[in-house]
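# Architecture at a glance
Residue strings, one per chain:
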Amino acid sequence: LEEPLIFEIGHAETTGVDLPEISEGRSRLGSFARNETIGLPGLTEPETVRHYTRLSRQNYAIDLGLFPLGSCTMKHNPRLNEKVARMPGFADVHPLQPQGTVRGALEVINELAEWLLKLTGMHGVAMSPKAGAHGELCGILCIRAALEARGDAREVVLVPESAHGTNPATAAFANYRVENIPANEDGRVDLEALKARLGPDVAAVMITNPNTCGLFERDMKAISDAVHEAGGFVYCDGANFNAIVGKVRPGDLGVDAMHINLHKTFSTPHGGGGPGSGPVVLSEALSPFGPLPFTARTADGVVHLAEEENAAEFGHTQAFGRMTAFHGQMGMFTRALSYILSHGADGLKQVAEDAVLNANYILRSLEDLLDAPFAASGPCMHEALFGDQGFAEGLSTLDLAKALIDEGYHPMTMYFPLVVHGAMLVEPTETESKASLDQFIAALRGVAERALAGDESMKQAPYYAPRRRLDETQAARKPVLAWHEPAPPAGTPTLSEQGGS
Amino acid sequence: LEEPLIFEIGHAETTGVDLPEISEGRSRLGSFARNETIGLPGLTEPETVRHYTRLSRQNYAIDLGLFPLGSCTMKHNPRLNEKVARMPGFADVHPLQPQGTVRGALEVINELAEWLLKLTGMHGVAMSPKAGAHGELCGILCIRAALEARGDAREVVLVPESAHGTNPATAAFANYRVENIPANEDGRVDLEALKARLGPDVAAVMITNPNTCGLFERDMKAISDAVHEAGGFVYCDGANFNAIVGKVRPGDLGVDAMHINLHKTFSTPHGGGGPGSGPVVLSEALSPFGPLPFTARTADGVVHLAEEENAAEFGHTQAFGRMTAFHGQMGMFTRALSYILSHGADGLKQVAEDAVLNANYILRSLEDLLDAPFAASGPCMHEALFGDQGFAEGLSTLDLAKALIDEGYHPMTMYFPLVVHGAMLVEPTETESKASLDQFIAALRGVAERALAGDESMKQAPYYAPRRRLDETQAARKPVLAWHEPAPPAGTPTLSEQGGS
Amino acid sequence: MRYLPLTDTDRSEMLAKVGASTIDDLFVDVPEEARLDGPIHGLPMHASEMAVERHMRLLSKKNLAAADAPFFLGAGAYRHHVPASVDHIIQRGEFLTAYTPYQPEIAQGTLQMLFEFQTQVAKLYGCAVANASMYDGSTACWEAVAMATRVTRRNKAVLSGALHPHYTEVVKTMAKFTGDTIADSSPSIQPSPDNVGLIARIDEDTACVVVQYPDILGRIPDLTEIAEAAHAKGALLVAVNTEPVALGAIKSPGELGADIVVGEGQAIGVGLQFGGPFLGLFAVRDPKHVRQMPGRLCGETVDAEGKRGFVLTLSTREQHIRREKATSNICTNSGLCALAFSVHMTLLGEKGLRRLAAENHRLACIAADRLARVPGVTVLNELFFNEFTIRIEADARQVVRDLADQGVLAGVSLGRLYPQVEEFSDSLLVAVTETTSEEDIETLAVALEEALS
Amino acid sequence: MRYLPLTDTDRSEMLAKVGASTIDDLFVDVPEEARLDGPIHGLPMHASEMAVERHMRLLSKKNLAAADAPFFLGAGAYRHHVPASVDHIIQRGEFLTAYTPYQPEIAQGTLQMLFEFQTQVAKLYGCAVANASMYDGSTACWEAVAMATRVTRRNKAVLSGALHPHYTEVVKTMAKFTGDTIADSSPSIQPSPDNVGLIARIDEDTACVVVQYPDILGRIPDLTEIAEAAHAKGALLVAVNTEPVALGAIKSPGELGADIVVGEGQAIGVGLQFGGPFLGLFAVRDPKHVRQMPGRLCGETVDAEGKRGFVLTLSTREQHIRREKATSNICTNSGLCALAFSVHMTLLGEKGLRRLAAENHRLACIAADRLARVPGVTVLNELFFNEFTIRIEADARQVVRDLADQGVLAGVSLGRLYPQVEEFSDSLLVAVTETTSEEDIETLAVALEEALS
């Protein structure tokens, strides 16, 4: 049974809440009182629960199976986190309550901040960014503010070819000119090329480490040193921090700013696209410029929230501004902290080790069949990268991915990073068992063999999903972005025609 | 992907809880300390969540679609009820806490009891029975106790042919001899036949009203009067109370005892087979014999829990005993009370009306196609009854039901009541919309037409369910009721053979 | 009404379709004099979700939740930490709002879960076969007695004095009506159970001996000895367990010779809930007794394509088929509680259950040692798992109430359980689980010391 | 570790398969001097679920939850009753643990929901098209300004003084780096918004005027007048709404001529959560502006068999395709919050939203009337929906703190929002919703009266 839209089953007169009908009273709305209908359909509770339950079953999710999206870190979302986030002291408090009534909330922010600083070896942290990309922006703005504070108007940000799309978008947004830096044949940043480009116009280098080829940038420290020597800053995209948490601290590698995706490394749910949360850790050089609000513990050990009104008290006078209203993604902080405390320092280290072990196991179980461009250069980190070399004529990475859907799996990340042709980036994460990996490997080997052998039926895959391939071209060419009352079928007389004499 | 058993994927060394390994300490277990392994597999949390999420998706449920099981009342289970049941003051209190620490819990029991008494027009209520059948037993034991108290050892309980199977089982359990009473051609109890059978040996008559043909027993009051006159009691099976709640009070019809299925009439979830909850309302004549514990409000308005220790204080000295440990299904009481308060007296009346309207709508939308044996005698109550008359040779009610699965629906109750050949009992409940009924009617008409026309393919249905027809005969003939480590495949050397020299 | 999808327009159209002019035309069979005119007098009208939630929250807050106090109650209901994922899973609509799996093709989720549950229970109890759950431990206990009478064709049950008094009461209540004979007694307040006295009561008419393990005072009876004595007289041993966590630390009743093992499963996954719904467990050691078992059974089979699948089976024992000849009138079971138990048990696994049991025992030993140092307190038990009996020089019921006023839930007084037995008034059952902190134990000790001085 | 399925046996086998002798062989690329030996010093080791839950509960209990006090805070975050079914649905694993729907064939659940959400938002805002959500209202506000500069190719934004100061601050912060010009001011504390002053600031360089509706003081500005003035100069009107419930009672910004409507959706379905995650709403009145919109868009299409389906579309605007030429760097959205909003809005429907709005307004009127009778209190607003400003003869920040000590959460002082503006110190924003009882209002009035006497 197909699930209709709420607009097709709901009515304006139906509602799933019981509220009194208000007889006309005195209004303080003046002439703004609404008289037009809005056009919102209502459903009763039984209909609502059924509609969304049925819709949900058309989704793939980590709760249903392995979700090997490289660079997206689809790991298990612990249910304790959900329970904690719903405790009334976290879920039902207003961001502007007097500080004396939200001491526990402030302690959560502070406790999480302390963990992040210790895990990264950094000096300060801006907790408020709403997502990874928002955190990137925060980091770049800190760099810009620091440079401006010393009267140094640099114009260029260097970004490797393999960077996440958000990296150049962020730099451009902050009015920087973006220049690419090439990779060496190992899949890593070409240190010499980078050094050659550094100069007084380079504000920062944005590097993802582990990078989007799933490799650790061996020369990270050397890169940082060179950038610092040239007067620039190092921004590290922390999307892949899960591969190294507890194994190495970015601060020890010379990083000046790094955002942390709480929904990746620290297991808060993706929810079909968000919300995320992207705290940014900062080096000593950048910390003074971190945005408001921020939390700090004063000498007496009490936690204080520094906002516009009291930043001066805490000596935080050079903040570059404010990234968002209120204090950031509190609902994600409680979840991430629950996760971190559950794992502890020992468990987080094990997380990185298991994530990396799982990825290498996949790499080595498939490299005989699929092209693995950097396999020879050594182990990968948390994700394994393959290319489409050897696929039969006419069959693509897309076809393999869609065929994998019919095997019961969500596909891996496709065509990213751009540096590998027909790239397939597989990130199993640490929350998969060996049995689960073995089953996935068998399925992937199966479709890979078909792609190599030229099984044309793959071009029509998926066959067994809730939908066959969807026409994205039509969607973009004639965008239908909202539901509209269907026009009456041709030939139906209009009301006036019907009633006309 | 098929979902394996936990025994096939779990390990003794794996656990989804973090508990310390206890080094051998002093033990007070003596020689009883366990040394054998138990053989329980463990899974980590990610594996556990996935296993059960995937399993759940092989179930049909009211959240997924209409569930027209006659006599089972599969209505929507409001989520507020689930939230309320989990409030710490209800979920996290021990049944033997001092009464001063559980005043609110006692108030819930009392408030719900008051509602049940007012809705039924009865005098007392035993809240502790664990389910409908347990409530039946409670009611029959009250009757037995009342009769014994007056030294009247009657031996027979009269039960109509169309009764729920639990009715005769209950009477037999209480050491009564069960005799059937016939139905008239209307599908109702034959009053004259009943009257003829009444006498000094008849302890009680057990009647379901509305009955299992979905009809209201018009002569209920006359039946009660006749039974009372003959010195017996009237037990009413309240499984179908949802059809008449707020429309008529069983107490006004002369009923002496009736159980109420909170999971039917009052929307607590069935949970794949339970838990239920079956409070029993009692007439003034039977109330003194109700089992412990019971709650009563004393003159000062304070609620007291009467248990063995204090029953005398409350004048309840003739209790026939105890049905269960503790106080009954508290978790169902909080849910049922939330539901009742949500609907209120006006809403509950509407519930009955909509349930009956929906059933009649189904009856009248199908009677032209399917044999409806009692359709001519007037409206039905909350469920519509059809028979298999006219089905093509070789096709049965079972085939129709299984074909309905392929249409996306759970089948109706089949082959019950026994008085109609190939019976199909359809109960839509009040929580279905007209659109939902129309869609179901169309599907049912479709399969009915195929059954009438002799579509042989129905005999193999379902085709699109998680499983095709299951071999119930094999299951019963060679019962496999627990998982066993599979024997090694033939030819595999045993350990001793492998190691043998 | 937020739960009623019919609109007034729908109602009019549908009345027209069924040929009725008003809804009351559909209630013609209800005698007019009994038909109610409007909403029942004296009851409130419908209320918003917010209003109902508020009302229920106020009632909830009138209770002292276990999490808000040092907590030592047991006596058949135990407080354990239940992982959040258990509650998540049982709230999946596909489990929560499904019916009894009578249509197996679209109920494999519930059925496979029940098959796994049965196996877990059987292993835990050291038995061959377990059923798909009963109402609770007390009713399962009666069902075991009834089954023993069917198997042995005798009608007398000998109950250990140390069986939970509610269980004893349920058995006696049922037997009063079925006509079975029940021999019971009160427990003897001694460091070890009175096996000699119990064995002496077994005779040639005895269908079964019913022994709780660990018993109501927390003691651990030697089932082997009793099993041998029972079997020698042709009787069955029914073992009753109210704390399944104990079986992670002590031998299973099946291993010790019990023929039928029943118990309360609440401690794993289900929670306290003021006493219900709970979870009755029922297992038999000898597979040949399966056809005399009460309750639902889930069995493995294959579908028309040969795929493994599960069905409810052997239902010829049950009331909906056998009617008055059924083995029991039980119909509804505790499916959702069985799911909670099974999920929690899967999370625990062998390793987790053993560690959980060890942690319970460790803390209970600490508590016993600490309380023994309180002047006026004597620990009765020689052996125990996570619950033991103390005797105090005061009326324990009053002490429990006084401590509750101070926010300490000290345990279950024997006076609460045996109001008629004067000599028990100085005794108190103290249960300790992994949710008890050493600080809680200290608080109890200090409060007791003050109460007794 | 309960979240890590690999056993030690697995790890050994897998290391062998990948040809490593220890796990550190896989970390060879990390310079040895930077590699950490053991767990990071000074941090605790792993903890059980019970221990973590306890720790977090203790922290939670250090906060005064809104449900436990008469509560009057608003200023961009509103407390409304969220039906239990909303939370049930967003916890379905298939919604909660899904990723961005990049594989539409197996993400129709999320996609259809987003399509429905977009339509609901568009209708509510009186617009043609809404996107699939942004981080929150404040960032959506900046995105609107940035979009206006793209559309008009001008780079000056005129902000109403009565825009939420956090929103103003976010816009100014961003503009500092992009080089756009922001003209802003503080609100004038008057019964009605200063439209004349605002309109006077619009010039030929202005890309957009940004007006909050209702504004930070709870007043309702006449958008029509501003829209006309802006359009006359070739500028766009950006309307900002922080309380979507208001739009059940007052005209939509689109209807009044706003070109871009953005806002905070938290009030419907999402809850307070100490300020996040919230839900940015973004819509445009004119469909021709769609290709300049930021954020994800979900569109209808068909699959290979002609069945209706939904996909993310027009992604050529987005960063993962356009990189440095993207319309915004936004990537993650607020999918789960959008789901909560959409479910709650579906439960409300037209009728429910209007009744909810009417109930909010009714109670707010009662509160305004009652507070006006407190000596020393003046109600500022001429018009308001569910929030209004009062002036009190005292330092409002201090009064709020003092009342909090008494367990009354009295509102948001303007001093908290505008610490630098001395003259605002006597002003207090009071928000009233359906969760406020008349008893709460009375409690506030009495407490204020005491505080001011």
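Residues numbered from 1 in each chain as written. Chains lettered and ligands numbered in written order. Predicted model: local features only at pLDDT ≥ 70, side-chain atom pairs only at ≥ 80, totals over all residues. Heavy atoms only, no water.

Looking at an unreviewed UniProt entry, chain C carries the name Probable glycine dehydrogenase (decarboxylating) subunit 1, with the source organism given as Altererythrobacter epoxidivorans. Regarding chain C, the UniProt comment filed under Catalytic activity (unreviewed entry) reads as follows: "N(6)-[(R)-lipoyl]-L-lysyl-[glycine-cleavage complex H protein] + glycine + H(+) = N(6)-[(R)-S(8)-aminomethyldihydrolipoyl]-L-lysyl-[glycine-cleavage complex H protein] + CO2". Recorded in UniProt under Subunit (unreviewed entry), the annotation for chain C is "The glycine cleavage system is composed of four proteins: P, T, L and H. In this organism, the P 'protein' is a heterodimer of two subunits." (UniProt positions renumbered as here; feature names shortened; annotations may be inferred.)

## A closer look at the overall build of chain A
Each helix and strand counted, chain A has 14 helices and twelve strands in total. Its C-alpha atoms put chain A at 85 × 70 × 45 Å along the principal axes. Counting all 501 residues of chain A, 69% fall into the buried class. At a minimum sequence separation of 6, the contacts of chain A that also span at least 24 residues come to 72%. For chain A, the accessible area works out to roughly 15300 Å², and carbon and sulfur atoms hold 50% of it. Of the side chains in chain A, 40 bear a positive and 63 a negative charge, and the two mean positions are spaced by 2 Å. (Helix = DSSP H or I, 4+ residues; strand = E, 2+ residues; numbered from the N terminus. Buried < 20%, exposed > 50% of the residue type's maximum accessible area, 1.4 Å probe, protein only. Contact = heavy atoms within 4.5 Å. Areas by Shrake-Rupley, 256 points an atom, 1.4 Å probe, with all protein chains shown as cover. Lys, Arg positive; Asp, Glu negative; His and termini not counted. Charge placed at Lys NZ, Arg CZ, Asp CG, Glu CD.)

## Comments concerning the pattern of salt bridges
Between side chains of opposite charge, pairing is possible as soon as their charged atoms come close. Inspection of every chain in the model, using the stated rule, returns 124 salt bridges over all chains. Put simply, R308 of chain D and E8 of chain A hold a salt bridge, and the shortest N to O gap is 2.8 Å. Of this pair, R308 of chain D sits in strand β9 (residues 308-313) while E8 of chain A sits in helix α1 (residues 6-9), on two different chains. E8 of chain A sits in the partly exposed class, given a relative accessible area of 39%. Across the pair E359 of chain C and R362 of chain C runs a salt bridge whose closest N-O atoms are separated by 3.1 Å. Of this pair, E359 of chain C and R362 of chain C both sit in helix α11 (residues 335-372), three residues apart, roughly one helical turn. (Salt bridge = Lys/Arg side-chain N within 4 Å of Asp/Glu carboxyl O.)

## Thoughts on the interface of chain A and chain D
Counting from both sides, the interface comprises 205 residues of chain A and, opposite them, 196 residues of chain D. The largest contributions to the chain A side of the interface with chain D come from R28, F32 and L481 of chain A, which together make up 5% of the buried area. If you look at where chain A meets chain D, you find 17 salt bridges. Notably, a salt bridge pairs E53 of chain D with K83 of chain A, separated by 3.2 Å at the nearest N-O pair. On inspection of chain A and its partner chain D, the count reaches 100 residue pairs in polar contact (both at pLDDT 80 or more). Ranked by residue count, the leading element in the side of chain A that touches chain D is helix α10 (residues 330-366) of chain A, at 27 residues. (Buried area = accessible area lost by both parts, 1.4 Å probe. Polar contact = N/O pair within 3.5 Å; in protein donor to acceptor, adjacent residues only side chain to side chain.)

## Quick notes on the interface of chain A and chain C
Taken residue by residue, the interface counts 16 residues in chain A and 16 residues in chain C. At the junction of chain A and chain C, the tally comes to two salt bridges. Measuring nitrogen to oxygen at the nearest pair gives 2.7 Å for the salt bridge that ties D18 of chain A to R2 of chain C. Where chain A packs against chain C, one counts five residue pairs in polar contact (both at pLDDT 80 or more). At the level of elements, α2 (45-56) and α3 (79-85) of chain A are the ones that each hand at least two residues to the side of chain A that touches chain C.

## Some points on the domain arrangement of chain C
Segmenting chain C into domains produces domain 1 (8-57), domain 2 (84-345) and domain 3 (351-452). On a C-alpha basis, the centroid separation for the pair domain 1 of chain C and domain 3 of chain C is 53 Å. (Domains from an automatic or database assignment.)

## Some remarks on the side chain of E116 of chain D
Within the secondary structure, E116 of chain D is located in helix α5 (residues 108-125). For E116 of chain D, the side chain forms a polar contact with the main-chain nitrogen of I6 of chain A, separated by 3.1 Å. Ignoring sequence-local partners within four residues, the contact set of E116 of chain D consists of P4, L5, I6, F7, H51, Y52 and L55 of chain A together with S342 of chain D.

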